[in-house]
Amino acid sequence: MAEELDQVIANALREVLEVTPNAIGIFDQSLTLIYCNDVLAGLFCMTRAEALGKTQEEILKRSFDTSEGINIASDDFDSWYQELNCNQQQTHFNQFEADTTEGVVFKMTRMTLDSGLMVMLGTEITELKQVQSSLELALTKLELLANTDQLTGVYNRRYFEDIARKEIDRCIRYQQTFSLLLIDLDHFKNINDHFGHHIGDEVLIHVTSICQRQLRLTDTLCRIGGEEFAIILPSTEASDALQIAERIRESVNQANIPVDEHQTNITMSISIGVTEYKRHDMAISDTLIRADKALYRVKENGRNSCLLI
Ligand SMILES: Nc1nc2c(ncn2[C@@H]2O[C@H](COP(=O)(O)OP(=O)(O)OP(=O)(O)O)[C@@H](O)[C@H]2O)c(=O)[nH]1
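Quick notes on the rules
- Residue numbering note: each chain is counted from 1, following its sequence as written.
- Only residues with pLDDT of 70 or above have their local features reported here, since the model is predicted, and side-chain atom pairs are shown and tallied only from 80 upward, although totals for entire chains, interfaces and linings are computed over all residues.
- As a convention, hydrogens and water are excluded, and side-chain values are obtained from all of the structure's heavy atoms.
- UniProt positions are given in the numbering used here, feature names are shortened, and annotations may be inferred rather than shown by experiment.
- Consider each residue's heavy atoms; a residue with any of them within 4 Å of a molecule or strand counts as near.
- Counting of polar contacts relies on pairs of N or O atoms within 3.5 Å, with two restrictions inside protein: one atom must be capable of donating a hydrogen and the other of accepting it, and residues adjacent in sequence are counted only when both atoms are side-chain atoms.
- Only the protein chains shown count as cover for residues, with accessible areas throughout obtained via the Shrake-Rupley method and a probe of 1.4 Å.
- Working definition: helices are DSSP H or I runs of at least four residues, strands are E runs of at least two. Numbering for both runs from the N terminus.
- Note on residue classes: Ala, Val, Leu, Ile, Met, Phe, Trp, Tyr, Cys and Pro are nonpolar, Asp, Glu, Lys and Arg are charged, and everything else, Gly too, is polar.
- When DSSP finds two or more bridges between a pair of strands, those strands are recorded as paired.
- Note on definitions: angles span 0 to 180 degrees between N-to-C directions of axes, and those axes are lines fitted to C-alpha atoms, for helices only across the stretch in contact.
- Expected helix span is given by 1.5 Å per residue-to-residue step, counting one fewer step than there are residues.
- Residue contacts are counted whenever heavy atoms from the two residues lie within 4.5 Å of one another.
- Nonpolar side chains (Val, Leu, Ile, Met, Phe, Trp, Tyr) within 5 Å and like charges within 9 Å form the patches, drawn only from residues with over 30% relative accessible area and no salt bridge.
- Salt bridges, as used here, are contacts in which a Lys or Arg side-chain nitrogen is within 4 Å of a carboxyl oxygen on Asp or Glu.
- Each residue's exposure class comes from its accessible area (1.4 Å probe, protein chains only) as a fraction of the maximum for that residue type: buried when under 20%, exposed when over 50%, partly exposed otherwise.
- Residue ranges assigned to the domains are those given by an automatic or database domain assignment.
- Between rings of Phe, Tyr and Trp, where Trp is taken as its six-membered ring, a pair exists when centres lie within 6.5 Å; planes separated by under 30 degrees are stacked, by over 60 edge-to-face, and by other angles tilted.
- A ring has a charge above it when a Lys NZ or an Arg CZ is no more than 6 Å from the ring centre and no more than 35 degrees off the ring normal.
- Throughout this description, any angle smaller than 35 degrees is read as roughly parallel, any larger than 145 degrees as roughly antiparallel, any in the 65 to 115 degree range as roughly perpendicular, and the remainder as oblique.

Under the annotation held in an unreviewed UniProt entry, the chain carries the name diguanylate cyclase and is attributed to Thalassotalea marina. Under Cofactor (unreviewed entry), UniProt gives the following word-for-word description of the chain: "Mg(2+)". According to the UniProt record, the Catalytic activity (unreviewed entry) comment for the chain is "2 GTP = 3',3'-c-di-GMP + 2 diphosphate".

Here is the structure:
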């Protein structure tokens, strides 16, 4: 009676294995495939008859040689397989993702049973992976948006605080330095009053791109207030920072900025407070206070200039 029941269960299981959308394969102790359903054979672009009787190594090598079936992320099959084999011998159970040359992704589970048989079970997760990568992309875009100033396209204050904190941590840890430039447009209110807010916006965009052109890729320009910008210059000492500030000031002051459809050009000037990170600066606010002091003095002394404190 019990044997009969076993037989019924075995037959039912066999039927399930045939119709399940999961990939299922069983290898014997010598890693020869002794059972698989069509889904598993299809993963390797084979028919079941072609796959059965082959060893795991032969099946994978075929994928490697023909570039059909499972993608093998290596140029050197022998060392890749050796590593896989070694891992399989060390653990009885593991899970991994396998993607095929046709863009299908499976989550694979491998189990070595007490009998020494190795069972492979694969569940397709292509859609899940697609959703995951769209979500990751959306998250990256969202992060960029959250860190970007909408008007000028440079980083905003939120990002400035973030990167400044990291820069300070880096300086403390590696005994390095950085400099900070605080830029403010001179008499910018007059532009708004004279030409309107819309033109004021255009001037801000122009000035931003002039500043950006003077910087290295590793420097970070952020708009931290209405007409106030901060630039972090990593690994830059005060004297170099002052030179860079002077170069930026000059290039803004020399530019002819178009302000309306009639091609009227104006010139703008900016004031810049310059400071270098000091060992006792525990937070960026300490560095900012010095740069702000320098900027305030430039404004007091007539603007269109740079000052280092
Ligand atoms: N168009 C425009 N104007 C802005 C924006 N943000 C701030 N402002 C203007 O910037 C002007 C800043 O004026 P003030 O703080 O008086 O400074 P200022 O006229 O530049 O004078 P100083 O800084 O003393 O040289 C104000 O008129 C703000 O309305 C913006 O996004 N677009």
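So, about the site of the ligand. Around the ligand, the structure places 16 residues, and the nearest of them are His-187, Phe-188, Asp-201, Arg-223 and Arg-303. Between the ligand and Glu-227 there is a distance of 3.0 Å, counted from an oxygen atom to a side-chain nitrogen or oxygen. In this structure, an oxygen atom belonging to the ligand sits 2.8 Å away from a side-chain N or O atom of Arg-303. Notes on the ligand: free accessible area 660 Å², of which the protein chains cover 67%. Mapped onto the shell around the ligand, the elements with two or more residues apiece are β6 (178-185), α8 (188-195) and α9 (197-213). In terms of residue count, the dominant contributor to the shell around the ligand is α9 (4 residues). Here the residues of the shell around the ligand sort into 3 nonpolar, 5 polar and 8 charged.

Spatial ordering of the open sheet is given by β2-β1-β5-β4-β3, a layout of 5 strands whose pairing is antiparallel. Because the sheet does not close on itself, it has two edges, and the strands there are β2 (33-36) and β3 (93-99). Across the sheet, the mean angle separating the axes of adjacent strands is 20 degrees when strand polarity is ignored. When strand β1 (residues 23-27) meets β2, the two strands line up antiparallel, connected through 3 bridges. Its bridge partner lying in β2, Gly-25 is registered against Cys-36.

Between the first and last C-alpha of helix α10 (residues 238-254) there are 24 Å, a value that for 17 residues agrees with the 24 Å anticipated at 1.5 Å per step. Taken together, the buried residues of α10 touch β6, α9, β8 (228-234), β11 (270-276) and β12 (306-308).

Residues Leu-5, Val-8, Ile-9 and Leu-13 make up a contiguous nonpolar surface patch of roughly 380 Å² in combined accessible area. Assignment of secondary structure puts Ile-9 in helix α1 (residues 2-19). We classify Ile-9 as partly exposed; its relative accessible area is 42%.

Here we take up the environment of Leu-121. Within the secondary structure, Leu-121 is located in strand β5 (residues 118-124). Along the primary structure Leu-121 and Glu-97 are separated by 24 residues, whereas in three dimensions their C-alpha atoms are 11 Å apart. With sequence-adjacent residues up to four places away left out, Leu-121 is seen in contact with Ala-23, Ile-24, Lys-107, Met-108 and Thr-109.

Its domain assignment divides the chain into domain 1 (2-129) and domain 2 (141-308). When each unit is reduced to the centre of its C-alpha atoms, the spacing between domain 1 and domain 2 is 59 Å.

Within the structure shown, the criterion is met by 5 aromatic pairs. Seen in terms of ring centroids, Phe-77 and Tyr-81 are 5.9 Å apart; in terms of plane orientation they differ by 15 degrees. Their pairing is stacked. One end of the pair is Phe-77 and the other is Tyr-81, both in helix α5 (residues 77-90) and 4 residues apart, which spans about a single turn. Under the relative-accessibility criterion, Tyr-81 is labelled buried at 6%. Each ring, one from Phe-178 and one from Tyr-277, has its centre 5.5 Å from the other, and the planes form 20 degrees; the classification is stacked. One end of the pair, Phe-178, is in strand β6; the other, Tyr-277, is in the loop between β11 and α11 (284-300), and 99 residues separate them in sequence. In textbook terms, an aromatic cluster arises when at least three aromatic residues are bridged by ring pairs, as seen for Phe-64, Phe-77, Trp-80 and Tyr-81. A cation sits over an aromatic face here: Lys-61 above Phe-77, 5.8 Å from the ring centre.

Here the focus is α9. End to end, α9 covers 25 Å across 17 residues, agreeing with the expected 24 Å (1.5 Å per residue, within 8%). All of the buried residues in α9 are Ile-199, Gly-200, Val-203, Leu-204, Val-207, Thr-208, Ile-210 and Cys-211.

This part takes up the packing of helix α7 (residues 157-174) against α11. With their axes 9 Å apart at the nearest point, α7 and α11 run at an angle of 110 degrees to one another. Classed by the angle they form, the pair α7 and α11 counts as roughly perpendicular. Between α7 and α11, the contacting residues are Arg-157, Phe-160, Ala-164 and Ile-168 on the first element and Ile-284, Thr-287 and Leu-288 on the second.

Turning our eyes to something else, we now look at the pairing of strand β7 (residues 220-223). A two-sided burial pattern is seen for β7, the buried positions comprising Thr-220 and Cys-222 on one face and Leu-221 and Arg-223 on the other. Where β7 lies against β8, 4 bridges are found, and the strand directions are antiparallel. Within β8, the residue paired with Arg-223 across the bridge is Phe-229. In this structure, the hairpin formed by β7 and β8 is closed by a connection of 4 residues.

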